[in-house]
Amino acid sequence: MPQSTICVFLLLVLLRKRKAQDARTRTLRRLRELRDKNNAFVLPENTFRRKYRFPRALAKDLMDELSPFDEGIEEDIPFYIMVLSTLYFYANGSFQGVVGNCNTLNTSQSSVSRNLSKITNLIVQHLARKYISFPSTDEGKNIVQRGFLDKFGVPNILGTLDCTHVAISKPWSSDIEHHPRHYRNRKKYYSINVEACCTSDLIFTSVNARYPGAVHDSSIWVMSPVREYLQQNFDLNNPLFLLADCGYPTEPWLLTPYIEPHEDFQSFYNMKHKQARKCIEQAFGVLKGSFKCLSKTRTLYYRPTKAGNIIYGCVILYNFLKLNNFPLNDVEELEDQSVEFAIEEDEDLLQMARNIRNDYAQTLHPRLHQ
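We now turn to the structure provided with this report.

### Some words on the sheet that holds strand β1 (residues 157–167)
- The strand order across the open sheet formed by five strands is β3-β2-β1-β4-β5, and the pairing between neighbours is mixed. With partners counted over all chains shown, the strands left at the sheet margins are β3 (204–212) and β5 (254–255), one partner each.
- Pairing of strand β4 (residues 241–243) with β5, which is carried by two bridges, proceeds in the parallel orientation. Looking across to β5, one finds that Leu242 is bridged to Leu254.
- Across the sheet, helix α7 (residues 138–152) lies against β1 and β2 (191–198), angled at about 85 degrees from β1, the strand it touches most.
- Sheet strands in contact with helix α12 (residues 304–323) are β1, β2 and β3, and its direction is about 170 degrees off that of β3.

### Topic: the pattern of salt bridges
- The tally for this structure, following the rule as stated, stands at 11 salt bridges.
- The shortest N-O distance in the salt bridge between Lys118 and Asp70 comes to 2.6 Å. Of the two residues, Lys118 sits in helix α6 (residues 109–131) while Asp70 sits in the loop between α3 (56–66) and α4 (79–92), which places them 48 residues apart along the sequence.
- Among the ionic contacts, a cluster of salt bridges with common partners joins Asp162, Asp245, Arg277, Lys278 and Glu281.

### Let's talk about the packing of aromatic side chains
- All chains considered together, the criterion is met by 18 aromatic pairs.
- Ring centres of Phe148 and Phe152 lie 6.2 Å apart, and the angle between their planes is 35 degrees; on these two criteria the pair is classed as tilted. Residue Phe148 and its partner Phe152 are located together in helix α7, separated by four residues, close to a single helical turn. Residue Phe148 shares its accessibility class with Phe152, and that shared class is buried.

The rules behind the values
Residues numbered from 1 in each chain as written. Predicted model: local features only at pLDDT ≥ 70, side-chain atom pairs only at ≥ 80, totals over all residues. Heavy atoms only, no water. Pairing = 2+ DSSP bridges. Helix = DSSP H or I, 4+ residues; strand = E, 2+ residues; numbered from the N terminus. Contact = heavy atoms within 4.5 Å. Axes fitted to C-alpha atoms, helices over the stretch in contact; angles between N-to-C directions. Salt bridge = Lys/Arg side-chain N within 4 Å of Asp/Glu carboxyl O. Phe/Tyr/Trp six-rings, centres within 6.5 Å; stacked < 30°, edge-to-face > 60°. Buried < 20%, exposed > 50% of the residue type's maximum accessible area, 1.4 Å probe, protein only.

Interpretation in functional terms is not warranted from these geometric data alone.
Structure, rendered in structure tokens:
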């Protein structure tokens, strides 16, 4: 082939490549212009909050906290669009395609999927320890105890404990690690059973979203790092407790109600216990009401690992908002969960726990305390 022909051929290839690059550049420029014209930050404050569950100022603060960890791989999509598309999904629980078509985002479904994974991972990896912390210092413990004492008249309480189910799509039958039968709960739908503790101010101090819906609450508790911490640091001279329902075993560090109270002090204890323990139910209700992707009317259509990460991300952002004094007023009424009583296995530990509970209940009763 003559050399001149080869040169012409190469020139045509280069021109075609340049033309394709120019077309891509023009498309990206148009998309950026479209995004700028529909900039979410020019929305009225109430509209912004309704869409993203965040006030504008705190959304920008969140972006400032996350941006140092952004590696800038997705250069075609501005970082703020990634964060806002993730917040929109958390707040509304819509399908990714609906999120992408939001008039202030203009992002494809596949991009929303990548944004959701990336931003959720950044939130979990870099903000979890800052915004979810079980009280371990004397100052932290005193603050939490004082909250329960002032609001409910119950001393020595470090938090309330319970589980809630978040619906997910049926895992693949070929997934050995996450087999569907492990995720089908008592109400016959697929879920993750989420264990959490919270304070009297409805701040989550721990969350565990790693266990399938078929796993009983008490089984999750047995393997909980919080239980291990309380067990190792339990002091009979200055006992500190969590409050839980009858789905949990009675333990020296875990106060549960009397199933059949026979004495006045037992009934009084059950009343105070119920009042204080409702904090965790209220916290779950506010969490699901604020972040609709966790709502009982929604389903997380992801594999269990990604669904668990989304749950962690929502809890972190919930605490982020609460700790920044942003009022969360949307509350979802939780589905009725009949309690499956825990199986008490260690008789010696159980007897010790019952004695401690009796002493605590008698101290709590005003007439016996006089």
